[in-house]
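Working through the structure, step by step
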Amino acid sequence: MGYANSDHGDTAPLAVKILVAGGFGVGKTTLVGAVSEVAPLRTEEYLTHASVGVDDLDGLNGKTSTTVALDFGRITISRELVLYLFGTPGQERFWFMWNDLVNGAMGAVVLVDTRRLDVSFASIDFFESRRIPFVVGVNCFHGVRDRAPEEIRKALDLDPQVPLVLCDARDRKASRDVLLALVDHLMAAHSRQTAPGS
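Everything numeric in this text was worked out from a predicted model, so none of it was measured.

Looking at the overall build of the protein chain
Within the protein chain, the secondary structure is distributed over five helices and nine strands. Buried residues in the protein chain amount to 45% of all 198 residues. Restricting to contacts in the protein chain with at least 6 residues of sequence separation, those with at least 24 account for 72%. Split by element, the accessible area of the protein chain, about 10600 Å² in all, is 52% carbon and sulfur.

Examining the pairing of strand β8 (residues 134-139)
Counting buried positions along β8 gives six out of six residues, so the element sits mostly inside the fold. Here β8 shows a buried face lined by Phe134, Val136 and Val138 and a second buried face lined by Val135, Gly137 and Asn139. Sheet analysis places strand β7 (residues 105-112) next to β8, joined by five bridges and oriented parallel. Looking at β8, one finds that Ala108 is bridged to Phe134. Running through helix α3 (residues 121-129), the crossover from β7 to the neighbouring parallel element β8 is right-handed. Note: β8 against strand β9 (residues 164-167), four bridges, orientation parallel. Within β9, the position partnered with Asn139 by the bridge is Cys167. Regarding the hand of the β-α-β motif, the stretch spanning β8, helix α4 (residues 149-156) and β9 is right-handed.

Focus on the packing of helix α1 (residues 28-35) against helix α5 (residues 172-194)
Helix packing for two helices is described by the angle between their axes and how far apart those axes are. Running from N to C, α1 and α5 cross one another at 100°; their axes reach a closest spacing of 8 Å. Classed by the angle they form, the pair α1 and α5 counts as roughly perpendicular. Two secondary-structure elements touch here, α1 through Leu31, Ala34 and Val35 and α5 through Arg172, Ser175, Arg176 and Leu179. For the contact of α1 with α5, the per-class residue count stands at four nonpolar, one polar and two charged.

Observations regarding the pattern of salt bridges
Under the defined criterion, the tally for this structure stands at five salt bridges. Between Asp113 and Arg116 there is a salt bridge; the shortest N-O distance is 3.6 Å. Via salt bridges that share partners, Asp113, Arg115 and Arg116 belong to a single interconnected network.

A look at unusual backbone geometry
In the Ramachandran plot, Arg131 falls in the positive-phi region, its phi being about 55° despite a non-glycine side chain. For Arg131, the position within the fold is in the loop between α3 and β8. With phi around 55°, Asp157 is a residue other than glycine that occupies positive phi space. Within the fold, Asp157 resides in the loop between α4 and β9.

Some thoughts on α1
Burial of α1 is extensive: six of the eight residues sit out of reach of the surface. Of the residues making up α1, those classed as buried are Lys28, Thr29, Leu31, Val32, Ala34 and Val35.

Description of a negative patch on the surface
Together, Asp125, Glu128, Asp157 and Asp159 line one region of the surface with negative charge. As for its placement among the helices and strands, Asp159 is situated in the loop between α4 and β9.

Some details on the packing of aromatic side chains
Applying the stated rule across the entire model yields four aromatic pairs. A ring pair is formed by Phe126 and Phe127, whose centres lie 5.1 Å apart and whose planes are at 90°; its orientation type is edge-to-face. By relative accessible area, which is 11% here, Phe126 ends up buried. Here the aromatic residues Phe72, Tyr84 and Phe86 are joined through ring pairs into a cluster of three or more.

Rules used in this analysis
- Numbering of residues starts from 1 in every chain and runs along the sequence as written.
- Local features are withheld for residues below a pLDDT of 70 in this predicted model, meaning they are given only at 70 or higher, and side-chain atom pairs are given and counted only at 80 or more; totals for whole chains, interfaces and linings count all residues.
- Calculation of side-chain values draws on the structure's entire complement of heavy atoms; hydrogens and water are dropped beforehand.
- Helix and strand assignments follow DSSP, with helices taken as H or I runs no shorter than four residues and strands as E runs no shorter than two, numbered in order from the N terminus.
- Relative accessibility under 20% of the residue-type maximum defines a buried residue, over 50% an exposed one, and the middle range a partly exposed one, all with a 1.4 Å probe and only protein chains included.
- Note on contacts: a residue pair qualifies if any of its non-hydrogen atoms lie within 4.5 Å across the two residues.
- Areas reported as accessible are Shrake-Rupley estimates using a 1.4 Å probe. Residue values count occlusion only from the protein chains shown.
- In this scheme, strands are said to pair when DSSP sees at least two bridges between them.
- Handedness of a crossover: with both strands directed away from the viewer, a clockwise path from the first strand across the helix to the second marks it as right-handed.
- Think of each axis as a best-fit line through the C-alpha atoms, taken over the contacting stretch in the case of a helix, with angles from 0 to 180 degrees between the N-to-C directions.
- Should an angle lie under 35 degrees it is considered roughly parallel, over 145 roughly antiparallel, and from 65 to 115 roughly perpendicular; all remaining angles are considered oblique.
- All residues other than Ala, Val, Leu, Ile, Met, Phe, Trp, Tyr, Cys, Pro, Asp, Glu, Lys and Arg, Gly among them, are scored as polar; the first ten of these are nonpolar and the last four charged.
- Salt bridge, as used here, is a side-chain nitrogen of Lys or Arg placed within 4 Å of a carboxyl oxygen of Asp or Glu.
- Note that patches include only residues with greater than 30% relative accessible area and no salt bridge, and the join distances are 9 Å for like charges and 5 Å for nonpolar side chains (Val, Leu, Ile, Met, Phe, Trp, Tyr).
- Within this scheme the basic residues Lys and Arg register as positive and the acidic residues Asp and Glu register as negative, but His and the chain ends are omitted.
- The atoms used to mark charge sites are NZ of Lys, CZ of Arg, CG of Asp and CD of Glu.
- By convention, a stacked pair of Phe, Tyr or Trp rings (six-membered ring in the case of Trp) has centres within 6.5 Å and planes under 30 degrees apart, an edge-to-face pair has planes over 60 apart, and any other such pair is tilted.

So this is what it looks like as structure tokens:
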């Protein structure tokens, strides 16, 4: 990774598009908001009676709103690298938008909730089928780490090379660590692809 030249001979940081995906209510909006250095763009709407029976709210006590299009944020990793974050909607009825959001994405964070691992399978399948590198961020709600990483990895049937990071999506440093794990993963994949004989 390096600099892109501007018309004035100055250097501009490399801009990388990253998706933050996962099931309904896993903390995607929270992560983007916690880590973004600009006020995040959010397209949240209040949950209404119309969603009863459509959106599964089991285990989501107190959730009153949901992303209906996307969340957007930005974080500067270094002088050379800026990440643009696009949080995807979690409900199945909005998954059609993922096909547009994935265009130009270099990688993804799949955020999971150990209390509801089943809502993460579709996100993992989505990125695996498109061969888009991703890391799994395990959102430890209220700091509770109720499962060992190896147990989570096995339950999600992750390939060994997929990084798995425990985090608290409310915490800026923890969220940044998940993104740094993805950057490292992308750089390692790039190195493998450009290695002699690959």
